[in-house]
Amino acid sequence: MVRYKYIRSPLFVIENQYDTNQIFTQEEVPHSPASTAEKELVDKYIVMYGEAMRNSTAQILRNAPLTKKPQLDGLFHPSCLAHGISATLNDTRS
């Protein structure tokens, strides 16, 4: 975040709002909550996580570059519970 304002070339940032690797692997949130109360806590945590991701991304974009770029920066910030972007999309219409 500190270095963003010094980058002169246009950027296209890809970051999931809800990164399953970070949530379930790194932060050890349970995949299968043991009770209804724990599931409610997990759901609240995931909502909070998405809000924090949107806020931090907006903060970075507000930290404007010091020089004018030839093009605006881009952001792909999908809101599905996933990790990474696949070259193929899951077709759920079948």
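Model, not experiment: these values are computed from the prediction. (Residues numbered from 1 in each chain as written. Predicted model: local features only at pLDDT ≥ 70, side-chain atom pairs only at ≥ 80, totals over all residues. Heavy atoms only, no water.)

Peer 1: Any chance you could explain the overall build of the chain here in plain terms?
Peer 2: A tally of regular secondary structure across the chain gives two helices and four strands. Mapped from its N terminus to its C terminus, the chain presents α and β elements in the order β-β-α-α-β-β. Out of the 94 residues in the chain, the part that is buried amounts to 20%. Within the chain, contacts between residues separated by at least 24 positions form 77% of all contacts whose residues are at least 6 apart in sequence. Carbon and sulfur atoms provide 56% of the accessible area of the chain, an area that totals close to 7400 Å². (Helix = DSSP H or I, 4+ residues; strand = E, 2+ residues; numbered from the N terminus. Buried < 20%, exposed > 50% of the residue type's maximum accessible area, 1.4 Å probe, protein only. Contact = heavy atoms within 4.5 Å. Areas by Shrake-Rupley, 256 points an atom, 1.4 Å probe, with all protein chains shown as cover.)

Peer 1: I'm lost on the environment of Arg54 in this one. Help?
Peer 2: Positionally, Arg54 belongs in helix H2 (residues 36–62). Residue class for Arg54 comes out partly exposed when judged on its relative accessible area of 33%. The spacing of Arg54 and His77 is 23 residues in sequence and 8.4 Å in space, taken between C-alpha atoms. If sequence neighbours within four positions are ignored, Arg54 has contacts with Gln17, Tyr18 and His77.

Peer 1: Help me understand the nonpolar core, please; the structure alone is not making it clear to me.
Peer 2: The tendency in soluble globular proteins is for nonpolar side chains to be buried side by side. Within the largest apolar cluster, eight residues are counted, these being Tyr18, Ile23, Phe24, Val29, Val42, Ile46, Tyr49 and Met53. At the level of elements, helix H1 (20–26) and H2 are the ones that each hand at least two residues to this core. Residue contributions to this core peak at four residues, all from H2. The contact partners of Tyr18, leaving out residues within four places of it in the chain, are Ile23, Ile46, Val47, Tyr49, Gly50, Arg54, Ser79, Cys80, Leu81 and Ala82. (Core = buried A, V, L, I, M, F, W, Y, C linked by side-chain atoms within 4.5 Å.)

Peer 1: Please clarify how a nonpolar patch on the surface should be interpreted in this entry.
Peer 2: Taken together, the side chains of Phe12, Ile14 and Phe76 define a hydrophobic patch exposed on the protein surface, amounting to about 320 Å² of accessible area. Within the secondary structure, Ile14 is located in strand S1 (residues 12–14). Judged by its relative accessible area of 47%, Ile14 is partly exposed. (Patch = residues over 30% accessible without salt bridge, like charges linked within 9 Å, V, L, I, M, F, W, Y side chains within 5 Å. Salt bridge = Lys/Arg side-chain N within 4 Å of Asp/Glu carboxyl O.)

Peer 1: Where do I start with the environment of Ser32 in this structure?
Peer 2: Note on placement: Ser32 falls in the loop between H1 and H2. Under the relative-accessibility criterion, Ser32 is labelled exposed at 62%.

Peer 1: Sorry, what's going on with the pattern of salt bridges here?
Peer 2: Note on pairing: side chains with opposite charge can pair once their charged atoms come close. This model, assessed by the stated rule, comprises one salt bridge. Of the charged contacts, one joins Asp43 and Lys39 as a salt bridge, the two residues approaching to 2.9 Å between their closest N and O atoms. In this pair, Asp43 and Lys39 both sit in helix H2, four residues apart, roughly one turn of the helix. Classification of Lys39 as partly exposed rests on a relative accessible area of 44%.

These figures capture arrangement, not role.
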